[in-house]
Amino acid sequence: FGAVEVGPRNFYRLMENGIPTLLYPGGVREVFHGRGEEYKLFWPTTPDFIRTAAKFNATIVTLAGVGAYESSTIIADQKQLLESPIGGRLKENSERVQNARGKDKEKETFVPPISIPKFPPARHYFLFGSPIDLSNVDHKSKTECGDAYENIKQDLEGNLEKVLKARKGDKGAGGG
């Protein structure tokens, strides 16, 4: 499928070679969110991926997706598992997983929740954002990269709101 090991160096190489790339800035934290955290973004605090994308004049297109959370029931989330009798072992295993954000960045905890699928699964909804051209963003300017980062994040949050609102009017939206 063309997948590569996640990491800042590989992202740089992909951008350098002009290869279209799917990047999920929220990473493991966003995927393995806790109860009540569905459709919230957990992006890193620094816009490093924007700086890299701007260096190579990339265009960013956000993708808002809704429906996966409603397609399963979480039995035990990451926090509950880490506080359980097997929590120490899970934490040890998680520490063996390479840090996708880079060696010097915040370490992610790779402990998936225990969940069971609902039947039928919920309907999924997707909305692509408008293309955001970074060719006018100076990759050396922390201010410009920070502004672009915030604009991209706001674009995605706005599209998530639109998709969630559209889903409310859909009688076939539910799951299980």
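What counts, and where the lines are drawn
- Counting from 1, residues in each chain are numbered in the order their sequence is written.
- Residues qualify for local features only when their pLDDT is at least 70, as the model is predicted, and side-chain atom pairs are given and counted only at 80 or more; totals for whole chains, interfaces and linings, by contrast, use all residues.
- As a convention, hydrogens and water are excluded, and side-chain values are obtained from all of the structure's heavy atoms.
- Only runs of H or I of at least four residues qualify as helices and only runs of E of at least two qualify as strands under DSSP, and these elements are numbered from the N terminus.
- Exposed residues in this analysis have more than 50% of their type's maximum accessible area, buried residues have under 20%, and partly exposed residues fall in between, with area computed by a 1.4 Å probe over protein chains only.
- Only buried Ala, Val, Leu, Ile, Met, Phe, Trp, Tyr and Cys residues count toward a nonpolar core, and they belong to the same one when joined by side-chain atoms within 4.5 Å.
- Between two residues, a contact is recorded if the distance between any of their heavy atoms is within 4.5 Å.
- Excluding any residue in a salt bridge, patches collect residues exceeding 30% relative accessible area, merging like charges within 9 Å and nonpolar Val, Leu, Ile, Met, Phe, Trp and Tyr side chains within 5 Å.
- Per-residue accessibility takes into account occlusion by the displayed protein chains alone, with areas from the Shrake-Rupley method and a 1.4 Å probe.
- Here a salt bridge means any side-chain nitrogen of Lys or Arg lying within 4 Å of a carboxyl oxygen belonging to Asp or Glu.

(A) Main features of the overall build of the protein chain. Within the protein chain one finds six helices and six strands. When its helices and strands are written in sequence order, the protein chain yields α-α-α-β-β-β-α-α-β-β-β-α. On the principal axes, the C-alpha backbone points of the protein chain span a range of 45 × 45 × 30 Å. Considering the protein chain as a whole, with its 176 residues, one finds that 32% of them fall into the buried category.

(B) How the structure looks around the nonpolar core. One finds W43, I50 and L134 to be the most contacted residues of the largest nonpolar core, which totals 23 residues. Residue assignment for this core shows that the elements contributing at least two residues are helix 1 (8-16), helix 3 (48-55), strand 2 (63-66) and helix 6 (142-168). In terms of residue count, the dominant contributor to this core is helix 6 (seven residues). With sequence-adjacent residues up to four places away left out, W43 is seen in contact with P25, G26, E30, F49, Y149, I152, K153 and L156.

(C) Just a nonpolar patch on the surface, in detail. A cluster of nonpolar side chains, namely V61, L63, F126 and F128, defines an oily patch on the protein surface of about 420 Å² accessible area. Residue position: F128 is located in strand 5 (residues 125-128). Taking the relative accessible area as the measure of exposure, F128 reaches 59% and is therefore exposed.

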